[in-house]
Amino acid sequence: MNSNKLTYIFRFMLLIIGSFSVYYFGDNPNDHKNLVTLFSSAILLFIFYVIGMQIIRKIIRNTSSMWVRDELSGALNRANKLALGVMKTIFWSYWWITSLLFFLMYPLASALGTVLILQVYLISFLIIDFSTRQISLNWFWKNREDHMWKYNIKDQLISIFKHLVLSPLIIILLHIYDVSIYEVEENILEGRDGWLWYVFSVLGVGAILLPIAYFLRSIFDPEDSITQLTEDTYEDGNPPFETH
């Protein structure tokens, strides 16, 4: 199954499930607190990912001259290593983004009584996202030789530890120690009905289905999957700084 077919299938699923969610969600979010938490988390995950990529790129762009140092020999090699390091950092960044999101969402989820659903969703997302990237990378390592990103058992173990052990552990500990940086009233959703909640539910469903679609693409079309995942780490497919 090619990526175009998967795209059409995903759009159809989004249309059907989105329509159903709008009907089910209704215009009273106070009746569906679990969905409010799920949709908010899913939307914020991707917003944080995009913002995180931009921040990392900007930092590297503004400081790359310090690390590359064009006037010294070996500048190209250092630039390539830096570019590879940036790509790996962004590629595996969901482990800390997910932990940060739980930290920020915890007070709201606590007030709504939906902390468990938040934990289950974020840990499930970590597993799905990690699996997507791992499946794609495995294809990459087995079928491509013309690249710098070689298989490294140390990097492999670190990524497994961060995504499947460290991040879930942080999420659980934040709950155990009740780490809240702000307070939320339990009746925060009362009187907040209206058409914006319909739009919110459609966006939320799309954000929840997107990682599932990526996961399916990594299985049926790993070449397209790894191409998209690695190109997303750079703006316009280019490193976040000039190499000479």
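Residues numbered from 1 in each chain as written. Predicted model: local features only at pLDDT ≥ 70, side-chain atom pairs only at ≥ 80, totals over all residues. Heavy atoms only, no water.

A. Quick look at the overall build of the chain. Counting its secondary structure elements, the chain contains eight helices and zero strands. The N-to-C order of helical and strand elements in the chain reads α-α-α-α-α-α-α-α. The 244 residues of the chain split such that 42% are buried. Taking the contacts inside the chain whose residues are at least 6 apart along the sequence as the reference set, 84% of them involve residues at least 24 apart. Accessible surface, the chain: about 13,600 Å² in total, of which carbon and sulfur atoms supply 62%. (Helix = DSSP H or I, 4+ residues; strand = E, 2+ residues; numbered from the N terminus. Buried < 20%, exposed > 50% of the residue type's maximum accessible area, 1.4 Å probe, protein only. Contact = heavy atoms within 4.5 Å. Areas by Shrake-Rupley, 256 points an atom, 1.4 Å probe, with all protein chains shown as cover.)

B. Focus on a nonpolar patch on the surface. Taken together, the side chains of Ile127, Tyr151, Ile153, Leu157, Ile160, Phe161, Leu164 and Val165 present a nonpolar region at the surface, about 750 Å² in accessible area. Following the sequence through the fold, Ile160 ends up in helix α6 (residues 153-176). (Patch = residues over 30% accessible without salt bridge, like charges linked within 9 Å, V, L, I, M, F, W, Y side chains within 5 Å. Salt bridge = Lys/Arg side-chain N within 4 Å of Asp/Glu carboxyl O.)

C. How the structure looks around the pattern of salt bridges. Under the definition given, this model contains three salt bridges. Of the charged contacts, one joins Arg133 and Asp129 as a salt bridge, the two residues approaching to 3.0 Å between their closest N and O atoms. Taken together, the residues span about one helical turn, with Arg133 and Asp129 both in helix α5 (residues 115-143) at a distance of four residues. Of the residues examined, Asp129 reaches a relative accessible area of 9% and is grouped as buried. Of the charged contacts, one joins Asp224 and Arg217 as a salt bridge, the two residues approaching to 3.6 Å between their closest N and O atoms. By relative accessible area, which is 26% here, Asp224 ends up partly exposed. Looking at Arg217, the relative accessible area reads 12%, which means it is buried.

D. Spatial organisation of the packing of aromatic side chains. Evaluation of the coordinates by the stated rule reveals eleven aromatic pairs. Between Phe46 and Phe125, the ring centres sit 6.2 Å apart and the planes meet at 90°, which makes this aromatic pair edge-to-face. Of this pair, Phe46 sits in helix α2 (residues 33-68) while Phe125 sits in helix α5, and the two are 79 residues apart along the sequence. Accessibility assignment for this pair places Phe46 and Phe125 in one class, buried. (Phe/Tyr/Trp six-rings, centres within 6.5 Å; stacked < 30°, edge-to-face > 60°.)

E. Highlighting the confidence of the model for the chain. On average, residues of the chain score 82 in pLDDT, and 77% of them reach the 70 mark or higher. For the chain, per-element mean pLDDT is lowest for helix α1 (residues 3-25), which scores 68, and highest for α6, which scores 96. (pLDDT = per-residue confidence, 0-100.)

F. The packing of helix α4 (residues 94-112) against α6, seen in detail. Interaxial distance between α4 and α6 falls to 9 Å at its minimum, and their mutual angle equals 10°. Considering their axes alone, α4 and α6 lie roughly parallel with respect to each other. Here Tyr94, Trp95, Thr98, Ser99, Phe102, Phe103 and Tyr106 of α4 come into contact with α6, specifically with Lys162, His163, Leu166, Ser167, Ile170, Ile171, Leu174 and His175. The residue makeup of the contact of α4 with α6, split by class, is nine nonpolar, five polar and one charged. (Axes fitted to C-alpha atoms, helices over the stretch in contact; angles between N-to-C directions. Parallel < 35°, antiparallel > 145°, perpendicular 65-115°, else oblique. Nonpolar A, V, L, I, M, F, W, Y, C, P; charged D, E, K, R; others polar.)

G. Spotlight on α6. Its 24 residues place the ends of α6 33 Å apart at the C-alpha level, agreeing with the 34 Å of an ideal helix rising 1.5 Å per residue. If you look at α6, its biggest bend is around 40°, right at Lys162. Residues of α6 that are buried include every one of Gln156, Ser159, His163, Ser167, Pro168, Ile171 and Leu174, and no others. Residues of α6 that are buried make contact with α4 and α5. (Expected span 1.5 Å × (residues − 1). Bend = angle between axes of the 7 residues up to and from the residue.)

H. Spatial organisation of the nonpolar core. The biggest cluster of nonpolar side chains holds 36 residues, and the ones touching the most others in it are Leu45, Tyr94, Phe102, Tyr121 and Leu122. Of the residues forming this core, the biggest block, twelve residues, is contributed by α2. Excluding residues within four positions of it along the chain, Leu122 makes contact with Leu45, Thr98, Leu101, Phe102 and Ile171. The next biggest cluster of nonpolar side chains, apart from the first, holds eleven residues, and it includes Leu84, Phe140, Trp149 and Ile226. (Core = buried A, V, L, I, M, F, W, Y, C linked by side-chain atoms within 4.5 Å.)

I. Just the environment of Val165, in detail. By secondary structure assignment, the location of Val165 is in helix α6. We classify Val165 as partly exposed; its relative accessible area is 40%. Residues Val165 and Ile123, 42 residues apart in the sequence, show an inter-C-alpha distance of 9.9 Å.

J. Focus on the side chain of Arg133. Looking at Arg133, the relative accessible area reads 3%, which means it is buried. Apart from residues lying up to four places away in sequence, Arg133 is in contact with Tyr49, Phe91, Trp92, Tyr94 and Leu229.

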